[in-house]
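Next come the chains, spelled out residue by residue.
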Amino acid sequence: MPGPSVYDFSARDIEGTQQPLADYRGKILLFVNVASECGFTPQYAGLEELHRKYAARGFSVLGFPCNQFGAQEPGTEGEIRRFCAERFGVTFPLFAKIDVNGPQTHPVYAYLKAAEPGLLGSPGIKWNFTKFLVGKDGKPVKRYAPTTKPDAIEADIETLLAK
């Protein structure tokens, strides 16, 4: 299907290298705005579990640290990377800190929010650990609330992988 997709964007990875999201073409992706000091931070464990379970079948979690909600991601990229590795054994790709709301919203998040608005059609992201599931074609399929635990998304991932 023509038109924009997440593959039209790029983002700086946590090491500072510009990463074309087209590098993930053909994979099922779960975009998550993450934070190290949030009540939902333990979801990192479940996200890593999903990533490890389905990576060989063409799935990846993409973590985008964001400090816009309660200043719960105050660290540097290096501190975030170390925290994720040491506390949760994170192996899924992490990106540089971004904004997901407001005038500095990262373009891929502007696209995701427009394609999959939240409650009552509101595009704004309400908190850390909002999740967007993206199909193999790079198009958003579903948006999940911060309270949605990663294992609750597993059936949707299975369905997309089976297509």
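Residues numbered from 1 in each chain as written. Predicted model: local features only at pLDDT ≥ 70, side-chain atom pairs only at ≥ 80, totals over all residues. Heavy atoms only, no water.

### Some remarks on the nonpolar core
Right, on to step 1. Counting 27 residues, the largest nonpolar core has Leu-30, Tyr-44, Phe-59, Leu-133 and Ile-157 as its most contacted members.
Right, on to step 2. Excluding its chain neighbours within four sequence positions, the residues that come into contact with Tyr-44 are Val-34, Ala-35, Glu-73, Phe-83, Cys-84, Phe-88, Val-90, Phe-92, Leu-94 and Phe-129.
Right, on to step 3. Counting 22 residues, the second largest nonpolar core, distinct from the first, contains Val-6, Leu-62, Phe-69 and Val-108. (Core = buried A, V, L, I, M, F, W, Y, C linked by side-chain atoms within 4.5 Å. Buried < 20%, exposed > 50% of the residue type's maximum accessible area, 1.4 Å probe, protein only. Contact = heavy atoms within 4.5 Å.)

### A word on the layout of surface pockets
Right, on to step 1. Roughly 170 Å³ of internal volume is contained in the largest pocket.
Right, on to step 2. Gly-118, Leu-119, Ser-122, Gly-124, Lys-126, Thr-130, Arg-143, Tyr-144, Ala-145 and Pro-146 together form the lining of the largest pocket. (1 Å grid on protein atoms, 1.4 Å probe; cavity = no way out; pocket = protein on both sides within 12 Å on 5 of 7 lines; lining within 4 Å. Points joined across faces, edges and corners; volume = space filled by probe spheres on them.)

### Regarding the sheet that holds strand β5 (residues 131-134)
Right, on to step 1. The sheet built from four strands is open, its strands ordered β4-β3-β5-β6 with mixed pairing. Whereas interior strands pair on both sides, the edge strands pair on one side only; in this sheet they are β4 (59-65) and β6 (140-144). Shown here is a sheet whose adjacent strand axes are inclined to one another by a mean of 20°, direction ignored.
Right, on to step 2. Sheet topology note: the β5/β6 ladder contains four bridges and is antiparallel. Bridge pairing links Phe-132 to Arg-143 in β6.
Right, on to step 3. Helix α3 (residues 107-115) rests against β3 (28-34), β4, β5 and β6 of the sheet, and its axis sits at about 110° to β3. (Pairing = 2+ DSSP bridges. Helix = DSSP H or I, 4+ residues; strand = E, 2+ residues; numbered from the N terminus. Axes fitted to C-alpha atoms, helices over the stretch in contact; angles between N-to-C directions.)

### Structural notes on the environment of Phe-92
Right, on to step 1. Of note, Phe-92 is situated in the loop between α2 (77-88) and α3.
Right, on to step 2. For Phe-92, a relative accessible area of 3% translates into the label buried.
Right, on to step 3. It is 8.2 Å that separates the C-alpha atoms of Phe-92 and Arg-52, two residues lying 40 residues apart in sequence.
Right, on to step 4. Excluding its chain neighbours within four sequence positions, the residues that come into contact with Phe-92 are Tyr-44, Leu-47, Glu-48, His-51, Val-61 and Gly-63.

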